[in-house]
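Descriptive analysis of the structure
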Amino acid sequence: MSALGFNLHAIAAIYRFEMARTWRTPLQSIVSPVISTSLYFIVFGGAIGSRMQAVDGVPYGAFIVPGLIMLSLLTQSIANASFAIYFPKFTGTIYELLSAPVAWWEAVIAYVGAAASKSILLGLIILGTATFFVPLRIEHPAIMLLFLVLTATTFSLFGFIIGIWADGFEKLQVIPLLIVTPLAFLGGAFYSISMLPPFWQTVTLFNPVVYLISGFRWSFFGHADVSLGVSLGMTLIFLAACIAGVGWIFKTGYRLKN
Amino acid sequence: MPSMSSAPISPATTEPIIAVSGLSKTYATGFSALKTIDLEIRRGEIFALLGPNGAGKTTLISIICGLVRPSTGTVFADGHDIIRDYRAARAAIGLVPQELTTDAFETVWATVNFSRGLFGKPRAPALVERILRELSLWDKKDTQIRRLSGGMKRRVMIAKALAHEPRILFLDEPTAGVDVELRQDMWQMVRRLRDEGVTIILTTHYIEEAEEMADRVGVISKGEIILVEEKAELMRKLGKKELTLQLQQPVSALPETLAEFGLRLSADGGEIVYTYDTQAERTGITTLLQGLSEAGIRFRDLSTSQSSLEDIFVSLVKERA
């Protein structure tokens, strides 16, 4: 333990452990999400995109890139983090974490940090891959990275909560499949929400994913459905809500301790 | 064995290394797993916690180690409150749980180093190597845990618990489903740890293990500690055995000459049961057999049995009621 009273060795140990799992399963962790996203680039960017109208002056193939990266980022962050904490609960090895001199927020930093690192890495690989299929420019790389980190962190936290809440593999899948994937597809990954009828435009504003995709797209093209400030604000609100949720779980021992 | 980084244990220290007072646990289901537990474990001793299944052994250990929240009461481990000062308390404790739960895909080396880090200690490859060698795991260090046998997995769990050089080691049913070789290795290691000043608390429902290993024994039943005794004293109390003789010819009554033995004759007259004290200087068996032969009573078979621990618990609980 360090003099400051932080268990930095524990954070490092968990982080390394989780990252090692990624390198042990590169096909599942990296190759497979990259390939499935690349298929979208080929189909919508290369094949169909050339026959589609440009959206707000951006060729369709390029327009969908930020949304598709966000889509991968969301699903991979949730999957990484939920599995990372669910699996020790399932096998029983969590006894060790619960009996260790580790504060809840240290465990969260380590697990969520590892899950977010993986999906940020994945997002960058997908971005690199996209340049093979569609011409791309990034006007605000720093903002782009900021959204990448914020989204990966927020949804890793969200996944962590799901992983603790789930008491079976089905529950582990149900929120990503039934809520997150629809929200992501309807969040403007493939279209600008200005293309929707006015009523559905209003409905869409209740979808948090709209703000993530919009803010991320702004960093690429300098304009988007929602202003940068609103996108950033909504992302931070969701991040704060997830932190509060995790804090509550550890304070009460919910699903972790009797 | 790893050199313990803690301060040398002074024999004059009287403060218990674990002090449990007024501890109770009622689960959300309403099940009262622990009534009111008061228990002190002495620094440097091997303490065996005996009790039938479901008595509360694992609940008690789980509370001390931070896995279960107590309903009432306090626990101090190595002078630290396990809740207010959980970091210091937990850093002093190593736990080998009853269930074999390991990360299937990790290597032995990775998982033991992970445990050390988790408990806040910097990497120490030489120390981890010593632990693995002592547990005969060194040649398996790069093997994935799922490829190990059950006994080897148990060794891995012990290595994980020792990786951060705890001053208190909990072994929850360490010999359940363990082969003779591992059992002997384990007891040898436990003794050496004790010699280095580590306090060891083990749970078991085998009285022989407590007999072989422990300095003191506590008996827990239905969520209550019903006695804590020096082992020697307890063995004297519990060391009763029964010798059963199956007779060739049933007898209707026992000869007067054998009255001093307090024999019991079975209803059909075919069996004689003699209860004796294994700890006594003379068990009286030789004299009894001579007496039987002089009385012309012949037997065709004999067997001895020790009252099972369960029986002893039942009688202990009855005595208290």
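Here the structure is a predicted model, which is why all the values come from computation and not from measurement.

Some remarks on the overall build of chain B
When you go through chain B residue by residue, the secondary structure sums to ten helices and 14 strands. Put simply, of all contacts in chain B between residues at least 6 apart along the chain, 73% involve residues at least 24 apart.

Points about the interface of chain B and chain A
The interface of chain B with chain A comprises 27 residues on the first partner and 23 residues on the second. Those elements giving two or more residues to the side of chain B that touches chain A turn out to be α2 (86-91) and α3 (108-118) of chain B. Looking at side-chain class alone, the side of chain B that touches chain A contains 14 nonpolar, six polar and seven charged residues.

Focus on the packing of helix α3 (residues 60-91) of chain A against helix α7 (residues 169-185) of chain A
Residue and element names in this part refer to chain A. Packing of α3 against α7 brings their axes to within 11 Å, and their N-to-C directions diverge by 165°. Taken together, α3 and α7 sit at an angle that is classed as roughly antiparallel. When the axes of α3 and α7 are compared, the crossing they make is right-handed. Residues Leu71, Leu74, Thr75, Ile78, Ala79, Ser82 and Tyr86 of α3 form the contact with α7, whose participating residues are Leu172, Pro176, Val180, Thr181 and Ala184.

What to know about the domain arrangement of chain B
Along its sequence, chain B is organised into domain 1 (18-236) and domain 2 (240-307). The gap between the C-alpha centroids of domain 1 of chain B and domain 2 of chain B is 43 Å.

Considering the confidence of the model for chain A
Per-chain confidence: chain A averages 88 in pLDDT, with 98% of residues scoring 70 or above. At the level of individual helices and strands, chain A shows its lowest average pLDDT in helix α2 (residues 26-48) of chain A, which scores 84, and its highest in helix α6 (residues 141-165) of chain A, which scores 94.

Here we look at the nonpolar core
With 145 residues, the main nonpolar core has Tyr111 and Phe160 of chain A together with Ala48, Ala77 and Ala159 of chain B as its most contacted residues. A per-element tally of this core places α3 of chain A first, with 17 residues. Setting aside residues no more than four positions away along its own chain, phenylalanine 160 of chain A makes contact with Ala81, Ser82, Ile85, Val108, Tyr111, Val112 and Val246 of chain A.

Brief notes about the sheet that holds strand β2 (residues 32-41) of chain B
Residue and element names in this part refer to chain B. A sheet is described by the order of its strands in space; here four strands give the open sequence β2-β1-β4-β5, paired in antiparallel fashion. Only two strands of the sheet have a single neighbouring strand rather than two, namely β2 and β5 (80-81). As paired strands, strand β1 (residues 18-26) and β2 are joined by six bridges and run antiparallel to one another. Residue pairing across strands places valine 20 opposite leucine 39, the latter belonging to β2.

Observations regarding the pairing of strand β14 (residues 299-306) of chain B
Side-chain positions along a regular strand alternate between the two faces of the sheet. Residues and elements named next belong to chain B. For β14, the tally of buried residues reaches only zero of eight residues, placing the bulk of the element at the surface. As paired strands, strand β11 (residues 240-247) and β14 are joined by seven bridges and run antiparallel to one another. Bridge pairing in β14 places leucine 247 opposite phenylalanine 299.

Rules used throughout
Residues numbered from 1 in each chain as written. Chains lettered and ligands numbered in written order. Predicted model: local features only at pLDDT ≥ 70, side-chain atom pairs only at ≥ 80, totals over all residues. Helix = DSSP H or I, 4+ residues; strand = E, 2+ residues; numbered from the N terminus. Contact = placed C-beta atoms within 7 Å. Nonpolar A, V, L, I, M, F, W, Y, C, P; charged D, E, K, R; others polar. Axes fitted to C-alpha atoms, helices over the stretch in contact; angles between N-to-C directions. Parallel < 35°, antiparallel > 145°, perpendicular 65-115°, else oblique. Left-handed = near helix turned anticlockwise from the far one by under 90°. Domains from an automatic or database assignment. pLDDT = per-residue confidence, 0-100. Core = buried A, V, L, I, M, F, W, Y, C linked by C-beta atoms within 7 Å. Buried ≥ 20, exposed ≤ 12 C-beta atoms within 10 Å, placed from the backbone. Pairing = 2+ DSSP bridges.

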